[in-house]
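Residue strings, one per chain:
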Amino acid sequence: MKSKIIVIGSGFSGLVAAASLAQKGFEVKLLEKNSSIGGRSRQFADSGFTFDMGPSWYWMPEVFENTFSYFGHQASDFYELERLDPSYVVKFEEDQFDVPADLNELKRKFEDIEQGSGEVLQKFLDEAAYKYKVGMDEFVWKPSHSIREFVDPRIISSVFKLNMLQSLSSVVRKKFKDSRIRRILEFPVLFLGATPWKIPAMYSLMNHADLSLGTWYPKGGMYEIVRALEKICHQ
C-alpha cells in the first residue's frame, strides 16, 4: 500500500515537492487555500486582460532547467523564454536608466555617467561571477541534510574572497561614485528581503544573475511555469 502524504501550498516549492514525492511512489494530496494553484505566482484575468500576481521576472534560468531536468524535461517543453531588452527600467527622480541586455552597451552607458566606471563594472561582475559559482555549488545545490556539508576548508578559506565580512553597499560605494550607478547595483538584493547595507557583499552574485545572465520572461506569463509544474505533477 502506498504511503499518503499531504503537501500544503501550491507555490513553486509545493508543486515541486508534490511531483517529487509522487515520482517516488507516494500518494500525494496537495492542499491550497486559494481557488487556483500557484501560490504567490497566481494569475488574475479580467475583461480580456491577464496579470501576473507575483513574480514578473525570470532570473537564474538554470535553476528552472535543473528542476525540469530532474523530471526528464526542459523548460522549452512547456514554454518559450524571451530575453528582455532592455532588461528593465530604473526610474530616478528626474530621469530614467534603461538597463540593456548587452553588457558592452551597459558598460558604455555607465561610462557616460562616470568616467572609468565601465572597466570597474567589468571587474565587479567578474568577482560577482566567482561568487555566483561558489554560492550555487557550495550552498544552493547542497541538500542541507547536515551542517557538516558546509564544514569545508574551501568554503572557510573563501570567506574573504567572497566578501562575507563587508556589506554589499560598502563594496559598491568604494567602487563607484555616482549615486545612480550605486542604486542600480544595490537594488537586486531587495529580492532577497534584505537591504544592501545589511547583506554581505557575497550577494553581488545577484548582479551576475541580473546583468550577466539576463532578465527573461516566459511567453504567456509567469503562470506558464505553474502550468508546467502542474503537468509534471499529473505524469
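Before reading further, recall that the structure is shown in the block above.
Cut-off values and rules
- All residue numbers here refer to positions counted from 1 along the written sequence of the relevant chain.
- Given that the model is predicted, a residue must reach a pLDDT of at least 70 before its local features are reported, and side-chain atom pairs must reach 80 or more before they are shown or counted; all residues, however, enter totals for whole chains, interfaces and linings.
- Calculation of side-chain values draws on the structure's entire complement of heavy atoms; hydrogens and water are dropped beforehand.
- With a 1 Å grid spanning the protein atoms alone, the term cavity applies to any set of points in which a 1.4 Å probe fits but cannot get out, the term pocket to an open set with protein on both sides within 12 Å along at least five of seven lines, and the term lining residue to any residue with an atom within 4 Å of a point.
- Grid points are joined across faces, edges and corners, and a volume is the space filled by probe spheres set on the points.
- Helix and strand definitions follow DSSP, with helices as H or I runs of at least four residues and strands as E runs of at least two, each counted in order from the N terminus.
- Ten residues, namely Ala, Val, Leu, Ile, Met, Phe, Trp, Tyr, Cys and Pro, are considered nonpolar, four, namely Asp, Glu, Lys and Arg, are considered charged, and the remaining ones, Gly among them, are considered polar.
- To form a nonpolar core, buried Ala, Val, Leu, Ile, Met, Phe, Trp, Tyr and Cys residues must be joined to one another through side-chain atoms within 4.5 Å.
- Under the scheme applied here, a residue whose accessible area is under 20% of the maximum for its type counts as buried, over 50% as exposed, and between as partly exposed, the area being computed with a 1.4 Å probe on protein chains only.
- Pairs of residues are marked as contacts when any of their non-hydrogen atoms sit within 4.5 Å.
- Centres within 6.5 Å are what make two rings of Phe, Tyr or Trp a pair, Trp counting through its six-membered ring; a difference in plane orientation under 30 degrees is then read as stacked, over 60 as edge-to-face, and the rest as tilted.
- Charges are assigned to positions over rings by a cutoff of 6 Å between ring centre and Lys NZ or Arg CZ, combined with an angular limit of 35 degrees from the ring normal.
- Two strands qualify as a pair provided that DSSP identifies no fewer than 2 bridges between them.
- Note on method: axes are straight lines fitted to C-alpha atoms, helices fitted across the in-contact stretch only, with angles between N-to-C directions ranging 0 to 180 degrees.
- Should an angle fall under 35 degrees it is taken as roughly parallel, and over 145 as roughly antiparallel, whereas 65 to 115 is taken as roughly perpendicular and any remaining angle as oblique.
- Handedness of a crossing follows from how the near helix is turned relative to the far one, being left-handed for an anticlockwise turn of less than a right angle and right-handed for a clockwise one.
- Note: the arc covers the axis-to-C-beta directions of the helix.
- Only one rule defines a salt bridge in this text: a Lys or Arg side-chain nitrogen within 4 Å of an Asp or Glu carboxyl oxygen.

**Student:** Residue-level account of the layout of surface pockets, with values.
**Tutor:** For the largest pocket, the calculated volume is near 1200 Å³. Of all the secondary-structure elements, those providing two or more residues to the lining of the largest pocket are helix 1 (12-23), helix 2 (61-70), helix 4 (117-140), helix 8 (205-212) and helix 9 (223-233). Top contributing element to the lining of the largest pocket by residue count: helix 2, with six residues. Put simply, the second largest pocket is a space of about 200 Å³. Taken together, Leu15, Ala18, Ala19, Ala22, Val28, Leu30, Ile37, Glu230, Cys233, His234 and Gln235 make up the lining of the second largest pocket. The class makeup of the residues in the lining of the second largest pocket is eight nonpolar, two polar and one charged.

**Student:** Tell me about the nonpolar core, and name the residues and values.
**Tutor:** Counting 31 residues, the largest nonpolar core has Phe97, Phe110, Leu121, Leu185 and Leu211 as the members making the most contacts within it. Where this core is concerned, the elements lending two or more residues are strand 6 (88-91), strand 7 (96-99), helix 3 (103-113), helix 4, helix 6 (168-175), helix 7 (179-186) and helix 8. A per-element tally of this core places helix 4 first, with six residues. Those residues within four positions of leucine 211 in sequence are excluded, and the remaining contacts are Arg83, Tyr88, Val99, Ala101, Leu106, Leu121, Leu125 and Leu185. One finds Phe78, Tyr79, Val226 and Ala228 within the second-largest nonpolar core, a separate group that totals 16 residues.

**Student:** Break down the packing of aromatic side chains for me, citing the residues and quoting the values.
**Tutor:** Taken as a whole and judged by the stated rule, the model has 17 aromatic pairs. Summarising the aromatic geometry, the rings of phenylalanine 124 and phenylalanine 176 are spaced 6.2 Å apart at their centres and angled 85° between planes, so their arrangement reads as edge-to-face. Of this pair, phenylalanine 124 sits in helix 4 while phenylalanine 176 sits in the loop between helix 6 and helix 7; the two residues are 52 residues apart in sequence, bridging distant segments of the chain. What makes phenylalanine 124 buried here is its relative accessible area of 1%. The class of phenylalanine 176 is buried, set by a relative accessible area of 0%. Taking NZ or CZ as reference, lysine 109 lies 4.5 Å from the ring centre of phenylalanine 97, over its face.

**Student:** Just give me the short version of the pairing of strand 4 (residues 49-52), but keep the residues and values in it.
**Tutor:** When strand 3 (residues 43-46) meets strand 4, the two strands line up antiparallel, connected through four bridges. Across the sheet, the residue bridging to aspartate 46 is phenylalanine 49, located in strand 4. Joining the antiparallel neighbours strand 3 and strand 4 is a turn of two residues, in which serine 47 adopts a positive phi near 55°.

**Student:** Provide a residue-level description of the packing of helix 4 against helix 6, including the pertinent values.
**Tutor:** At a minimum axis distance of 11 Å, the contact between helix 4 and helix 6 shows a crossing angle of 150°. If you check the angle between helix 4 and helix 6, you find them roughly antiparallel. The handedness of the crossing between helix 4 and helix 6 comes out as right-handed. Between helix 4 and helix 6, the contacting residues are Val120, Phe124 and Glu127 on the first element and Val171, Val172 and Lys175 on the second. Here the contact of helix 4 with helix 6 is composed, by residue class, of four nonpolar, no polar and two charged.

**Student:** I'd like a description of the environment of lysine 231, backed by residues and values.
**Tutor:** Note on placement: lysine 231 falls in helix 9. Expressed as a C-alpha distance, the spacing of lysine 231 and phenylalanine 78, which sit 153 residues apart in the sequence, is 9.1 Å.

**Student:** Which residues make up helix 2, and what are the values?
**Tutor:** For helix 2, the set of buried residues is Pro61, Phe64 and Phe68. Across the axial projection of helix 2, the buried residues extend over an arc of 65°, all falling on one side. At its buried positions, helix 2 is contacted by helix 1, strand 8 (216-218) and helix 9. At the C-terminal side of helix 2, glycine 72 shows a positive phi close to 80°.

**Student:** Summarise the pattern of salt bridges; cite the residues concerned and give the values.
**Tutor:** Following the criterion strictly, the structure yields nine salt bridges and no others. We note a salt bridge from arginine 183 to glutamate 93, for which the minimum N-O separation is 3.3 Å. One end of the pair, arginine 183, is in helix 7; the other, glutamate 93, is in the loop between strand 6 and strand 7, and 90 residues separate them in sequence. Accessibility expressed as a relative area gives 32% for arginine 183, which makes it partly exposed. For glutamate 93, a relative accessible area of 64% gives the class exposed.

From the geometry alone we can't say anything about function, so treat these as descriptive.
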